[in-house]
Structure formats: structure tokens, C-alpha cells
Amino acid sequence: MVTWLLGGLLLAFVVLPIIRLATTSSVASLHAAASAAAVRDATLLSLQAAAITAGIATLFGVPLAYILARASFRGRNALQALVDLPLVVPHTVAGIALLFLFGRTGWVGGPASHLGVSFYGSQWGIVAAMLFVSCPFAVNSARVGFEAIDPKLERAARSLGATPWHAFQRITLPLALRGVLTGAVLVYARSISEFGAVVIIAYYPATAPVEIYNLFLQSGLTQSASAAVVLLIVTLATFLVLRTLASGRLLAQVNRAYP
Amino acid sequence: MPTPRPGLSVSELSAQAGPFTLGPLSLAIPPDRVLVVLGPSGAGKSMLLETIAGLRSQQGGQISLTGTDITGLSAERRRIGLVFQDAALFPHLTVRDNIRFGPRASRRSAPDTTGDLLGQLGIGHLADRAPRSLSGGERQRVALARALAIQPSLLLLDEPLSALDQPAREDMRTLLQRLLAELAIPAAHVTHDRDEALSIGDDLAILVGGQLRQTGPATHVATHPADPDTARLLGWAELGHGTAANGAARIGQLIIHDRAAGGLHGPVQAFYRPEDIELGPIAQGPPPGAGLTAHVQEIIRTRPLARVSLSCDPPITAQILHRDLDRLQLTAGQQVQVSLLPGSLRLFRAR
């Protein structure tokens, strides 16, 4: 009984502000906010940047996750700690650090600007900020997926004539797909909600959280609330769709496609 | 360089896993024979198979198969069929696709033998099932079919029966015996179970602590263990410590004038086969081998042989037929003549 009460209180703490926020805006004000070009552009930019980030984090995170799950070497724990580092770095600090690296005179930003790629105030800067704060989710989720697979399965595949890559592709990856996809969804969710790091490296073009902050500063609570609800609806909807796909139906299809 | 022989030939093979060292060891399996590697758990049996299969890097030595040196080949190019203790079937593939995995992976344009294998192993009705819906015995059959589908030059079986319950184990053992006899490819089967070892193996290799203690025809090794560890693994029971001098040994009250005692001098350790102990009424002339009188301490009616604990020096436990138990009308406390038949004793120099 007490456990239910305590858990219920925590849930109420999470849900009540969202409900309160959702009930502040009328349908007309939501429509107005959604048709405002700035809000629409910011939301689309957030969706796009978060999707790109999820793709990059998965592409680079899966090999690292596999190494952490399978290889035993000195310094493995240190490597795992490095992977988790972004979880403990305050996001504004992350933004400043990224700015040093990706800014116009930074180690990466300098050479990149000669090639015509700018991170400061661009979508690439936004993606860099999102990637920094969210990549641990991709690595850790995929690592848990790989760890759950009996390493004997790969050995069996090798003995049957499969190269290490073939064994990974046909056996390990399909079996760890749930973990990999869950990681991608978490990265997406974490990225779309990121504010602190993004606002420092790319104040403009504004992502949805940055645009909402601008509206809050310029026009006050009511105006920003409508835009906030629009963002909330879009992110929740995409998150729920992706999560459903990652957890079941998509997996079943992939498994059927893998004979 | 030794001349390559058909079958499997392993020379001076060694491998390392943390503090554990396997080998260096040498063994050979002719094409039509089954070698059983018998050893306690932790002896390095699985490690030996994985090293031969190329799944674990070796430190030294040479492996050749059907006359070709495969030491430098990666696992996927060795064509060695491997069956794991827990089958290790791919859980996301059907039985049929598990069996097809090998031929597809190696892209060999050989005729599809999946149907034949399904029939041969009696699993045709399971072809479209998922591995998780199979019983332990069915899983092992699928694992065996999957390993045979690559038409291996060598079959390695890593305790394939130990995860099975008794009836399934008997079925699988019969199937394995039949298949291995038909296939005429060299096979290595590792186990810690001596009944399994003696029923399946043509040859026996005893592995203890990463080292081969003894190899030879199974029947010979079983009757002539070369050291106490091997004797224990093969079901010999320890009789105790004693001394040997001038072709005779004394263990407690028991005097052994046996070939076993020949050539030994000083402290010895003796082993006996519990099923080679003969019990009879007192005073019927001198027993054929070594003997002494004892009191029956306890009778445990295990199957197939009953165990009779005997109070004597050294203490002995005999395993006898239930028929003999009834014939002798044995009861606890009764005095009996205990005879150890010739050949049922082994003496080792005590360390």
C-alpha cells in the first residue's frame, strides 16, 4: 500500500505539470503557435537534428558497445567510465567545451571552416551538442543487448563457416536489435529535449527548446506555453511511435526478413 | 617435420587462458575413430576443442587435418563441425534455417542436404519450429545436423549429452554411436562422464589440469589407468596407502601378491574396481586373488548394482549384482570372505 502511495506521488509529480501545461492553452492559441513560422521551423529543426543524431550515435555507438560487451582488456572499466562521462557533465559545461573544440578557431572547427563547414550557429553544431549529451544511451543500451547474447552463438556461426563480420551481421546484430533500437530511440528523445549544450554552440538557428526559451523571455509565460505544448505533442507522438516500433512490430518484421 | 597422417593430428599444441595453461599436448585421431577426452570439469576439455576449431588462439604447436596443416587457418575456413553442450542454436532462426546456416555462410555450391539431415536425425517434423520450443534432446539433434551440414572433416562434440535427462541421454547416445560409425570422419567427444566415454570412444585421452595424462584404446586405458587421477576418473575406488617390497604389497590387513605389485618398492597407493569384488561365505580355501574377511556394514540397494560397505582394514565398498545379494542372503553384521579378483587392483608409487 505504502509502495503504491510513494510511487503514485512521484508519478503525480511528473504528470501534473504536464497536465497543467496542456490545459493552459486553448485550441485556437495552439493553432496559432503551430502556424507561427518560427515555432514550426524550430520544431522541424529539432526533429531533424535529433533524428540525424540518433543515426550517428547508433552508427558509432554500436561498435563501441560491442567492444565493451565482448572484449576483455585492461582499462575496460575506464573506457566504460568515459562513455558515461557526458551523463555527469553539466550540459552548459558541455556546450562550452564543445564550443572550444568546434568553434571557428577550435581544433576541429578551425580546419572544418576552411572546408566550408561551420559548427557554430549551424545544424552541425546542434547535432554535435545533441550527440555529446545523448551518446551514452546508444552505447549502453546496445551494450546491454550484446551482453545478453551467449558468445557461443558467434563461435558456432564461425565454426559453420561465417566470417566474424558475417556472424555479427546474421546472428549477433539481429539478436541485439531490440537494445540497439531502444538506444536509438533514447538518443532521439534525449536530443530533442536538449537545451543547455545546444543554446551555447548554436543559439541560432533555434531548436524548439531554444525558441520556447526565447518566447518565454520576449512574450511571457502564456505565449511560450502554447509553443511548449506544440513541442510536447510532437515529441511525445514521435517518441511513442518510435518506441512501439523498436519494442515489437519492427523487430518482428526484421526477424521475418532475416531468413 | 612429422609426416602428415589422414584424420586429425595435433602436435605440441598449447594455449593460455588467464593463469590456465593447456598443453603442450599431442594427439591423433584416425579418420574412422572416435576419441573421447575424459577429464574433470576445469581440465581444459572445452578449451582443447575450441583451440582445435580455431576459435581460440594457440600459443604453439601444429594442427593438421586430412594431411593439410590448418594451424594458420581462421575458424571459418577449417571445416570443423562443433556441437556445444547446450546446443547453441540460433534462437531467431527456425530449425531448418539453423541447419542451412553453414552451407549458406560458406557459399559452397553443394546440393542442399538439409532434407536428408532432417530425416537422418529424425527431426523432419521440427523443421519449421523455433529452437526455444524444442526439448533438450531435440535441440542436440538439430545442433548435430547443423554441424554435419557443412560436411566437416572433423566433428568436435563438447559434452553434448550432459545437459540432457536420462532417457534423452540414452537416445542421443545411441544416435551418436550409430552416426559416428556411419560417418567415417574423425571425431573428438569430450565428457566428464566415464560411462559416456567408454560407450562412445574407440580411444580415450585423459585430460587433467590442462595436461594429457594417458591416451590409448578405451578398453586398455579403462583397465590400465596410469595414475591415481586417471583411475578415479575411470571409476576405480581408492583402497588406501601401504608399502610394497619384493613383489608383494601390504595395505592394512590385505596382502597383495599380484602382478600389480611387481617392480614397486616403498610407499604405494592402491585402487580397486568396486564391481570386481567377490563376496562369499567364510573359509572356502584360499581366494583366487587377494582377500580378507570382513563384516557387512551396510547394504544400499542402488541400481543396477547394489553397494555393500564392508568393515575391514582397509575399508572396502563392493558393487554386486542384486542376484548375488539374494543368493548370499547378505545382512548387516554378517561376516563374509572378500576376494579382489586378479586384474582388479592397481598400485601406484605414492607421492
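Residues numbered from 1 in each chain as written. Chains lettered and ligands numbered in written order. Predicted model: local features only at pLDDT ≥ 70, side-chain atom pairs only at ≥ 80, totals over all residues.

Colleague: Pulling in residues and values, what's your account of helix α5 (residues 166-183) of chain B?
Modeller: All names here are of chain B. The end-to-end C-alpha separation of α5 is 25 Å, in line with the 26 Å expected for 18 residues at 1.5 Å each. For α5, the full list of buried residues reads R169, L176 and L180. Taken down its axis, α5 places every buried residue within 25° of arc, on the same side. Among the exposed residues of α5, those pointing more than 90 degrees away from its buried face are P167, T174, R178, A181 and E182. Following α5 by one or two positions, A184 has its phi on the positive side, about 55°. (Helix = DSSP H or I, 4+ residues; strand = E, 2+ residues; numbered from the N terminus. Expected span 1.5 Å × (residues − 1). Buried ≥ 20, exposed ≤ 12 C-beta atoms within 10 Å, placed from the backbone. Arc of directions from axis to C-beta.)

Colleague: Give a detailed account of the sheet that holds strand β10 (residues 211-217) of chain B, specifying residues and quantitative values.
Modeller: Residues and elements named next belong to chain B. With mixed pairing, six strands are arranged side by side in an open sheet as β6-β7-β8-β3-β9-β10. With one partner strand each, in any of the chains shown, β6 (80-83) and β10 form the two edges of the open sheet. Going across the sheet, the axis of each strand differs from the next one's by a mean of 15°, ignoring polarity. Pairing analysis gives four bridges linking strand β7 (residues 154-158) to strand β8 (residues 187-191), with the strands arranged parallel. Looking at β8, one finds that L157 is bridged to H189. (Pairing = 2+ DSSP bridges. Axes fitted to C-alpha atoms, helices over the stretch in contact; angles between N-to-C directions.)

Colleague: Pulling in residues and values, what's your account of the interface of chain A and chain B?
Modeller: When the parts of a complex come together, some accessible area is lost, and that lost area is often taken as the interface size. Taken together, the contacts link 19 residues of chain A with 18 residues of chain B. Counting only elements with at least two residues in the side of chain A that touches chain B, the list comes to α8 (151-159) and α9 (164-192) of chain A. In terms of residues, the side of chain A that touches chain B owes the most to one element, α8 of chain A, which gives seven residues. Taken together, the residues of the side of chain A that touches chain B break down into ten nonpolar, five polar and four charged. (Contact = placed C-beta atoms within 7 Å. Nonpolar A, V, L, I, M, F, W, Y, C, P; charged D, E, K, R; others polar.)

Colleague: How would you summarise the environment of T244 of chain A if you had to cite specific residues and measurements?
Modeller: All names here are of chain A. Tracing the backbone through its elements, the reader meets T244 in helix α12 (residues 221-257). A tally of 12 C-beta atoms within 10 Å means that T244 is categorised as exposed. In this structure the C-alpha to C-alpha distance between T244 and Q123, which are 121 residues apart in sequence, comes to 28 Å.

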